[in-house]
Amino acid sequence: MQKILVVEDEVKVANAVKKGLEENGFEVDVAYDGRMGKSLAASNNYDLVILDLNLPHHNGYELCEVIRRKNNRVPVIMLTALGGVEDKMQAFELGADDYLVKPFDFRELLARIRVFLKRAGSETPHGTQYKITIADLEIDREKKEVTRGGKKIALTAKEYQLLDFLALHKGKVISKLTIAEKVWDIDFDTGTNVIEVYMNFLRKKIDKDFEQKLLHTKTGMGYYLSEE
């Protein structure tokens with residue numbers, strides 16, 4: 001049974017989410033403030049975390065940082081009434097994988113959860129590449145680990161998914177719309193520039209300290225990964 005942590009100080013919302021998730025076969029822990037959420041996140045292993053932003057004691061941004069230090073792969077979904085672009089950008093910069101604004105439809109939350117858990121638990125299909133090498137960049141698709149020049153590179157779940165998708169289409173220019181559909185899997189608000197933000201995250205981690213640049217932009221068309 002997959003285990004989910006919900007950190008939400010609105011008791012009615014937290015209990016409704018917990019009930020809905022349990023009815024769909026998940027094991028759920030609930031924390032009603034940031035202190036409890038931090039304690040649970042530090043002492044347990046979760047398959048996915050749902051965080052509110054406005055929390056007593058420790059806010060969702062702080063908790064996201066704590067969770068990322070412990071587990072760089074666990075999907076984190078922000079669930080909050082703060083729907084501004086700056087709020088979203090800060091959440092993504094700290095390692096959140098998705099952002100759902102209140103009020104929300106539980107069916108949409110459930111769909112997003114299933115997308116992330118399916119990806120996190122999926123095995124590399126038979127007949128596909130287990131490792132992808134581009135110049136001195138190596139992606140181990142079984143271990144979901146990335147190295148460049150022999151140095152391990154820490155990526156969030158979403159950063160890894162984006163890099164993996166570009167690597168599978170090495171040399172091919174991929175549009176932002178295709179990335180939104182294939183990497184995010186659900187309706188995605190490209191107006192928030194989140195794809196550009198994530199490409200910048202990847203460039204800082206993959207290219208910044210190396211003379212040879214692998215991540216490229218074709219203006220007005222999209223992005224591609226290539227050693228040329």
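Here, the structure is the one placed above.
Fair warning: this is a prediction, and the values are worked out from it, not measured in the lab.

Engineer: Which residues make up a nonpolar patch on the surface, and what values go with them?
Structural biologist: Residues Val11, Tyr32 and Met36 make up a contiguous nonpolar surface patch of roughly 240 Å² in combined accessible area. Relative to the helices and strands, Val11 is located in helix α1 (residues 11-23). Residue Val11 is classed as partly exposed on the basis of its relative accessible area, which comes to 45%.

Engineer: Please give an account of the pairing of strand β1 (residues 3-7) that cites residues and values.
Structural biologist: Summarising burial for β1: five of the five residues are buried, a large majority. Alternating residues of β1 divide into Lys3, Leu5 and Val7 and Ile4 and Val6, and every residue in both groups is buried. Alignment of β1 against strand β2 (residues 27-31), held across five bridges, turns out to be parallel. In the strand pairing of β2, Val7 is matched with Ala31. A crossover connection joins β1 to the parallel β2 through α1; in handedness this β-α-β unit is right-handed.

Engineer: So what's going on with helix α6 (residues 157-168)? Which residues, and what values?
Structural biologist: For α6, built from twelve residues, the straight-helix expectation of 16 Å at 1.5 Å per residue is met to within 8% by its first-to-last C-alpha distance of 16 Å. Of all the positions in α6, only Ala157, Lys158, Glu159, Tyr160, Gln161, Leu162, Leu163, Asp164, Phe165, Leu166 and Ala167 are classed as buried.

Engineer: Outline the pattern of salt bridges, listing residues and values.
Structural biologist: For the structure on display, the rule yields 18 salt bridges. Put simply, Glu108 and Arg112 hold a salt bridge, and the shortest N to O gap is 2.4 Å. Pair noted here: Glu108 and Arg112 are both in helix α5 (residues 106-121), with a separation of four residues, about one helical turn. For Arg148, the salt bridge is made with Asp136, and the minimal N-O distance between the two is 2.7 Å. Taken together, the residues span a long stretch of sequence, with Arg148 in strand β8 (residues 145-148) and Asp136 in the loop between β6 (131-134) and β7 (137-140) at a distance of twelve residues. Look at the salt bridges and you will find they share partners, linking Glu8, Glu10, Asp52 and Lys102 into a network.

Engineer: How would you sum up unusual backbone geometry? Please name residues and give values.
Structural biologist: Residue Pro103 is reached from Lys102 by a cis peptide bond, and omega for that bond is -5 degrees. Turning to its location among the elements, Pro103 is positioned in the loop between β5 (98-101) and α5. Despite not being glycine, His57 shows a phi value in the positive range, around 75 degrees. Tracing the backbone shows His57 in the loop between β3 (48-51) and α3 (60-70).

Engineer: Before we move on, can you summarise the environment of Arg203 with the specific residues and values?
Structural biologist: Note on placement: Arg203 falls in helix α8 (residues 194-206). For the pair formed by Arg203 and Glu142, sequence separation is 61 residues and the distance between their alpha carbons is 23 Å. Sequence-distant contacts of Arg203, that is, excluding residues within four places in its chain, are made with Lys208, Leu215, His216, Thr217 and Tyr223.

Criteria and cut-off values
- Residues numbered from 1 in each chain as written.
- Predicted model: local features only at pLDDT ≥ 70, side-chain atom pairs only at ≥ 80, totals over all residues.
- Heavy atoms only, no water.
- Patch = residues over 30% accessible without salt bridge, like charges linked within 9 Å, V, L, I, M, F, W, Y side chains within 5 Å.
- Areas by Shrake-Rupley, 256 points an atom, 1.4 Å probe, with all protein chains shown as cover.
- Salt bridge = Lys/Arg side-chain N within 4 Å of Asp/Glu carboxyl O.
- Helix = DSSP H or I, 4+ residues; strand = E, 2+ residues; numbered from the N terminus.
- Buried < 20%, exposed > 50% of the residue type's maximum accessible area, 1.4 Å probe, protein only.
- Pairing = 2+ DSSP bridges.
- Right-handed = clockwise from strand over helix to strand, strands pointing away.
- Expected span 1.5 Å × (residues − 1).
- Contact = heavy atoms within 4.5 Å.

By themselves these figures say nothing about function.
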